[in-house]
Amino acid sequence: MFVLVNLKTYPCDPVEVAEAVRDVDRETEATLAVAPQAAHIERVAETGVETWAQHVDPIAHGSNTGGTLAETVADAGAVGTLINHSERRRRLADIDGAVRAADRADLETVVCANNPAQIGAAAALGPDRVAVEPPELIGTGTPVSTADPDIVAEAVSAAAGVDGEVSVLCGAGITDGEDVLAAADLGAEGVLLASGVAKADDPREALEALVEPL
Ligand code: G3P
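Rules behind the numbers
- Residues numbered from 1 in each chain as written.
- Predicted model: local features only at pLDDT ≥ 70, side-chain atom pairs only at ≥ 80, totals over all residues.
- Heavy atoms only, no water.
- Phe/Tyr/Trp six-rings, centres within 6.5 Å; stacked < 30°, edge-to-face > 60°.
- Helix = DSSP H or I, 4+ residues; strand = E, 2+ residues; numbered from the N terminus.
- Buried < 20%, exposed > 50% of the residue type's maximum accessible area, 1.4 Å probe, protein only.
- Polar contact = N/O pair within 3.5 Å; in protein donor to acceptor, adjacent residues only side chain to side chain.
- Contact = heavy atoms within 4.5 Å.
- 1 Å grid on protein atoms, 1.4 Å probe; cavity = no way out; pocket = protein on both sides within 12 Å on 5 of 7 lines; lining within 4 Å.
- Points joined across faces, edges and corners; volume = space filled by probe spheres on them.
- Nonpolar A, V, L, I, M, F, W, Y, C, P; charged D, E, K, R; others polar.
- UniProt positions renumbered as here; feature names shortened; annotations may be inferred.

> Mind laying out the packing of aromatic side chains, listing which residues take part and the relevant values?
All chains considered together, the criterion is met by 1 aromatic pair. Summarising the aromatic geometry, the rings of F2 and W52 are spaced 5.7 Å apart at their centres and angled 45° between planes, so their arrangement reads as tilted. In this pair, F2 is assigned in strand β1 (residues 2-6) and W52 in strand β3 (residues 50-53), connecting sequence segments 50 residues apart. W52 matches F2 in its accessibility class, with the two residues each being buried.

Spelled out as C-alpha cells, the structure:
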C-alpha cells in the first residue's frame, strides 16, 4: 500500500512529521511519503523521506509570477506531485497541462477527483495514479473506505476502464489501519490522508497505528 500524508497548510513541524514518515516507512512494507507546502520541500526532502509537492501549475519556465513550476519542485527534492486536489481544483485543460508539466520534470503524478465519473476523466489524462476524495468527508474523521465504499469500488472500475495502468488511491477521513485495510479490500492501491497525522499530538504514533495491520 502507498500512504501519502498531505500536510496542507496545517501548523505542524514539517521536518518532525517527515522524519516520522521516513522512520515508519522503514519499519513497514507499505510505502510512505509526505507532501509538505512548496516552501518546505527542500528541508523535508533532506530528511530522506519520499517527498511530494501538493500542486504544480501547467506552466513552463518564463513569465508566470507566483506559479509553481514542476522543474523547481523536482529540483528541491520532490519525486511526485498531487494535481487538482479538492482544495486546489483546476479545469480539465489545466489538469492536463499540469500532468504534462510533471511528466516533463520526471515527477510522479496523482490526480485527485471527487467521484468515479471524474476519476474516469482524470485517469484518461494518463497520470500514474488517481485519488478519489469525496469533499464532504475531508477532515471529518469519517473514513471514505467504510462510510462510502461504493465510491471507492466504482472509482477503481472507472480507472480500470481507461487505457494504460492507472492505480487508485482513496482519501478523506482516513485515520487508522482498519480504514487502510478497508481501502485495500475495495481495490485501492493506497490512501491519501492529512488531518489524522498532521493534526495528531504524536504524528509518529498515528503513523504506526495506520500501518500496524498491514
Ligand atoms: O489530501 C488528503 C485529504 O484531503 C484528506 O484529508 O484530513 O480527511 O485526511 P483528511
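> Any chance you could break down the side chain of R22 for me, citing the residues and the numbers?
Along the chain, the position of R22 falls in helix α1 (residues 14-27). Separated by 3.0 Å, the side chain of R22 and the backbone oxygen of T47 make a polar contact. Once residues lying within four places of it in the same chain are set aside, the contact partners of R22 are T47, G48 and V49.

> Lay out the layout of surface pockets in plain terms, naming residues and giving numbers.
Each pocket or cavity is described by its volume, and for the largest pocket that value is around 310 Å³. Along its surface, the largest pocket is lined by 15 residues, and K8, T9, Q54, H55 and R88 are the ones closest to its centre. Residues of the lining of the largest pocket, tallied by class, amount to 5 nonpolar, 7 polar and 3 charged.

> Break down the UniProt feature "binding site: substrate" (unreviewed entry) in the protein for me, citing the residues and quoting the values.
The UniProt record marks N6, L7, K8, I138, G173, A194 and S195 with the feature "binding site: substrate" (unreviewed entry), using the residue numbering of this structure. Spatial clustering of the annotated residues is evident: they stretch over 190 residues in sequence, but the largest pairwise C-alpha distance comes to 14.4 Å. In the annotated set above, the residues contributing to the lining of the largest cavity are N6, K8, I138, G173, A194 and S195. Within the element layout of this structure, I138 appears in the loop between β6 (129-132) and α6 (144-147). Mapped onto the secondary structure, S195 falls in helix α9 (residues 195-198). With a relative accessible area of 23%, S195 lands in the partly exposed category.

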